[in-house]
Amino acid sequence: MSKRSFLSLRRLSTSIALTISLFSFEKAFSAASDWRNQPKPAFPTGALEKDVEGAVRLRVVVDKDGNVTQSVVTKSSGNQQLDEAAKRGVLSWKMKRGAIKPADLREGRKVMIDFREEAAIAAMYPSGVTANFAHSYGADMWRSAPFPNYPVEARARHEHGSVLLKVKIGMLGNVTQVNLVQSSGHKVLDDAAILAVRHWKAKPRYAGQTSIFPVIFEMGYR
């Protein structure tokens, strides 16, 4: 089965980096600004390997200094590993003293932790480069997809073009093979695309599949 996605790099705003969103916090339950220390709970390895995601709703009780003393799952994610990781993780949180309410000391405060691992759909950097998948579904299959770098020498020569790649995904989600189907006409761009994609990692459900997609390097100005 072959999947197609599109990745575009523009010389608008150079080094492109990847950001993966593992967690999101629902503001309706607990404002991030109320917490002095709020480290993200570790995503359980077992859940990652099985491509398990989910949201855990908790009630956390704090002491007068803001330290979390108790965490209780009020709505399960449906996965025990995620639930336990969320419970353990929030025990290291600390609320700002000024944000503590009497109810936080007695009943506790509601929070939600959403465990997800997704490649970034787009990124923009001060050096002048933006990168993005043309469609959100293009990024959906990837757990990690570091964007290619738009080489300095290529930008200096105003080189641009589309690199069509065929990628084979291994049983663990790692990219095991990258073939150049069609060159951009510039070796430096072809090499940049291939180098980056070799480090991509797909979600487990795409293991063993083949994906064909272009990496488009574009020159443009605002």
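As shown above, the structure is provided for reference.
Asks: Pulling in residues and values, what's your account of the overall build of the chain?
Replies: If you tally the helices and strands in the chain, you get six helices and 15 strands. Among the 222 residues that make up the chain, the fraction classed as buried is 46%. As displayed, the chain has an accessible area near 11,400 Å², and 51% of this comes from carbon and sulfur atoms.

Asks: Can you explain the nonpolar core? Please cite residues and give values.
Replies: One finds W142, L165, V167, W200, F213 and F217 to be the most contacted residues of the largest nonpolar core, which totals 31 residues. Elements with a minimum of two residues in this core: β10 (130-133), β12 (161-169), β13 (175-182), α6 (187-197) and β15 (210-219). A per-element tally of this core places α6 first, with six residues.

Asks: Describe unusual backbone geometry, and please don't skip the residues or the numbers.
Replies: Non-glycine residue H158 carries a positive phi angle of around 55 degrees. Secondary-structure assignment places H158 in the loop between α5 (152-156) and β12.

Asks: Account for the pattern of salt bridges, with residues named and values stated.
Replies: Taken as a whole and judged by the stated rule, the model has 10 salt bridges. Salt-bridge contacts for R116 lead to E53; the nearest nitrogen and oxygen are separated by 3.5 Å. With a gap of 63 residues between them, R116 in strand β8 (residues 109-118) and E53 in the loop between α1 (45-49) and β5 (54-62) connect regions that are remote in the sequence. For E53, a relative accessible area of 28% translates into the label partly exposed.

Asks: Tell me what's going on with the environment of N174, and back it up with residues and numbers.
Replies: Within the secondary structure, N174 is located in the loop between β12 and β13. The sequence separation of N174 and P204 amounts to 30 residues, and the corresponding C-alpha distance is 9.3 Å. The contacts of N174, once residues within four sequence positions are left out, are K168, I169, W200 and K201.

Asks: Tell me about the packing of aromatic side chains, and please be specific about residues and values.
Replies: With the rule as written, the count across this model stands at eight aromatic pairs. Where W142 meets W200, the ring centres are 4.9 Å apart and the plane angle is 70 degrees; that geometry is what we call edge-to-face. Of this pair, W142 sits in strand β11 (residues 142-144) while W200 sits in the loop between α6 and β14 (201-202), placing them 58 residues apart in sequence. One aromatic cluster is present, formed by F133, W142, F147, W200 and F213 through successive ring pairs.

Asks: Describe α6, and please don't skip the residues or the numbers.
Replies: Most of α6 is tucked away, with eight of its 11 residues classed as buried. Those residues of α6 not exposed but buried are V188, L189, D190, A192, A193, I194, A196 and V197.

Asks: Go over helix α2 (residues 80-90) with me, naming the residues and quoting the values.
Replies: Listing the buried residues of α2 in full gives L82, D83, A85, A86, G89 and V90. Seen along its axis, α2 keeps its buried residues to an arc of 165 degrees; they face one direction. When the buried face of α2 is taken as reference, the exposed residues oriented beyond 90 degrees from it are Q80 and R88. The opening residue of α2, the one whose side-chain oxygen lies 3.0 Å from the backbone nitrogen of Q81, is N79.

What counts as what
Residues numbered from 1 in each chain as written. Predicted model: local features only at pLDDT ≥ 70, side-chain atom pairs only at ≥ 80, totals over all residues. Heavy atoms only, no water. Helix = DSSP H or I, 4+ residues; strand = E, 2+ residues; numbered from the N terminus. Buried < 20%, exposed > 50% of the residue type's maximum accessible area, 1.4 Å probe, protein only. Areas by Shrake-Rupley, 256 points an atom, 1.4 Å probe, with all protein chains shown as cover. Core = buried A, V, L, I, M, F, W, Y, C linked by side-chain atoms within 4.5 Å. Salt bridge = Lys/Arg side-chain N within 4 Å of Asp/Glu carboxyl O. Contact = heavy atoms within 4.5 Å. Phe/Tyr/Trp six-rings, centres within 6.5 Å; stacked < 30°, edge-to-face > 60°. Arc of directions from axis to C-beta. Polar contact = N/O pair within 3.5 Å; in protein donor to acceptor, adjacent residues only side chain to side chain.

All quantities given are derived from atomic positions and should not be read as evidence of function.
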